[in-house]
Structure formats: structure tokens, C-alpha cells
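Listed here are the chains, written in short residue letters.
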Amino acid sequence: MIMMSEHFSREELEKNATAARNGIKNIIPEEQVDFWKMGCNDFLEPIRDLWQRSPLYISCGYRSTEVNAMTIGSSANSAHRGFILIGGEEIKTCAFDIDMDVYGESNHDLFDLVRTHFDGLYDQLIFEFGWVHLGLSEKPRGQVLVKRPKQSGYITYTEGMLL
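Note that the structure is predicted; figures quoted are calculated from it, not measured. The residue numbering used here restarts from 1 in each chain and proceeds along that chain's sequence as written. This being a predicted model, a pLDDT of at least 70 is required before a residue's local features are given, and a value of 80 or more before pairs of side-chain atoms are given or counted; all residues contribute to the totals for chains, interfaces and linings. Note that water and hydrogens are dropped before the side-chain values are worked out from all heavy atoms of the structure.

**Student:** Lay out the environment of Gly 39 in plain terms, naming residues and giving numbers.
**Tutor:** Only DSSP runs of H or I with at least four residues qualify as helices, and only runs of E with at least two residues qualify as strands; both kinds are numbered from the N terminus onward. Topologically, Gly 39 is positioned in helix 3 (residues 33-51). Along the sequence, Gly 39 and Gly 82 sit 43 residues apart, while their C-alpha atoms lie 11 Å from each other. We call two residues in contact whenever any of their non-hydrogen atoms come within 4.5 Å of each other. Once residues lying within four places of it in the same chain are set aside, the contact partners of Gly 39 are Leu 44, Cys 94, Phe 96 and Leu 136.

Written out as C-alpha cells, the structure is:
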């Protein structure tokens with residue numbers, strides 16, 4: 001097993017149900033590995049240390065462009081791919097969907113912990129319907145968003161803190 005940090009393996013970050021169902025290899029490209037390691041060492045490990053209640057469950061890490069395109073609800077410019085495009089510039093990224101519900105823990109509490117201790121250091125911190133999305137980039141925007149359903153059936157992202 002290849003470790004990206006003390007507690008997070010490469011295999012854990014590459015595991016993806018969509019890829020498995022469709023027989024697609026979902027492998028972090030070698031040129032992106034160092035940035036993913038940074039995400040694990042500089043963010044996931046400290047978050048795990050601060051959390052102290054249970055391990056962090058990463059429900060989604062890396063997604064190849066092919067897997068990302070097949071993932072329902074995913075943005076074509078998703079940080080899970082290892083890069084995003086902003087104004088035509090390719091920027092290194094990594095993203096982790098963390099789901100504490102699997103341990104009977106509160107995603108809301110995890111969201112607040114990350115927002116409080118890492119404010120402005122992340123690219124995007126999103127409270128999704130059933131998990132917390134932590135997006136990192138070499139040019140962090142410090143966005144805090146809450147995903148909300150619209151009455152028309154469309155999804156919206158509201159800036160600011162969770163209410």
C-alpha cells in the first residue's frame with residue numbers, strides 16, 4: 001500500500017464507485033502526486049488530529065477526467081481531477097469529500113472545524129447534502145459555500161456560513 005501521509009493511502013484516494021462499476025482505471029497521474037500528498041499532510045492529517053472523535057472517511061478523492069464526466073452532479077471543472085481552469089489558466093488542485101455520517105458523527109461539526117481552523121487556506125469548503133467537500137488549490141480562493149436545493153429542482157450554492 002502506498003501511503004500519501006501517515007493515515008491516508010493512495011488507494012483510498014483513488015477508490016471510486018463510478019470507476020469500479022464502469023471498469024475505468026482511476027489513477028492519480030504521477031505529476032499530481034506531490035500536490036495530493038500536500039493535501040493529505042497539510043490538511044487531512046491536521047484535521048484528523050483536531051477532530052479526535054473518529055477517523056476521517058474520504059468518500060471521494062481523485063477522479064480522472066473520464067470518471068468525473070460520468071459522475072452525476074459533478075462539475076466539468078472539478079478540483080477532484082487534480083486541476084481546474086480559471087481564466088484559461090490551469091491551476092493544481094486536489095479535493096476530498098469527507099463523510100462523517102458513516103460513523104454517526106456530524107458533518108456540520110466537521111465543516112465548522114475546518115472553517116474555523118483553516119479559514120482562507122482552502123480553495124473551497126462546501127457543505128454538501130451528505131458530506132463536506134474540501135477543495136485545495138495552489139491559488140486558494142477561500143470560498144465557503146453551502147449546497148442547497150432550489151424549489152425548482154435545481155441546486156444552488158450559497159456563499160457564507162452554514163445556517
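**Student:** Tell me about unusual backbone geometry, residues and numbers included.
**Tutor:** A positive phi angle, close to 60°, is found at Gln 52, a residue other than glycine. Structurally, Gln 52 is set in the loop between helix 3 and strand 1 (58-60). Accessibility here uses a 1.4 Å probe with only protein chains present; expressed as a share of the type maximum, an area under 20% marks a residue as buried, one over 50% as exposed, and anything in between as partly exposed. When its relative accessible area of 69% is taken as the criterion, Gln 52 is described as exposed.

**Student:** Would you mind going over the pairing of strand 5 (residues 132-137) in detail, with residue names and values included?
**Tutor:** A large share of strand 5 lies buried, amounting to 6 of its 6 residues. By the alternation rule, side chains of strand 5 split into Val 132, Leu 134 and Leu 136 and His 133, Gly 135 and Ser 137, which are all buried. In this sheet, strand 5 lies alongside strand 3 (residues 89-98) in antiparallel orientation, the contact comprising 6 bridges. Bridge pairing links Thr 93 to Ser 137 in strand 5. Pairing between two strands requires that DSSP report at least two bridges joining them. Relative to strand 5, strand 4 (residues 124-127) runs antiparallel, the two sharing 4 bridges. Residue pairing across strands places Ile 126 opposite His 133, the latter belonging to strand 5. Hairpin connection between strand 4 and strand 5: a loop of 4 residues separates the two successive antiparallel strands.

**Student:** So what about the pairing of strand 2 (residues 83-86)? Which residues, and what values?
**Tutor:** Pairing between strand 2 and strand 3: 4 bridges, direction antiparallel. Residue pairing in the sheet places Ile 86 in a bridge with Glu 89 of strand 3. From the end of strand 2 to the start of strand 3, which pair antiparallel, there are 2 residues, and Gly 87 there has a positive phi angle of about 60°.

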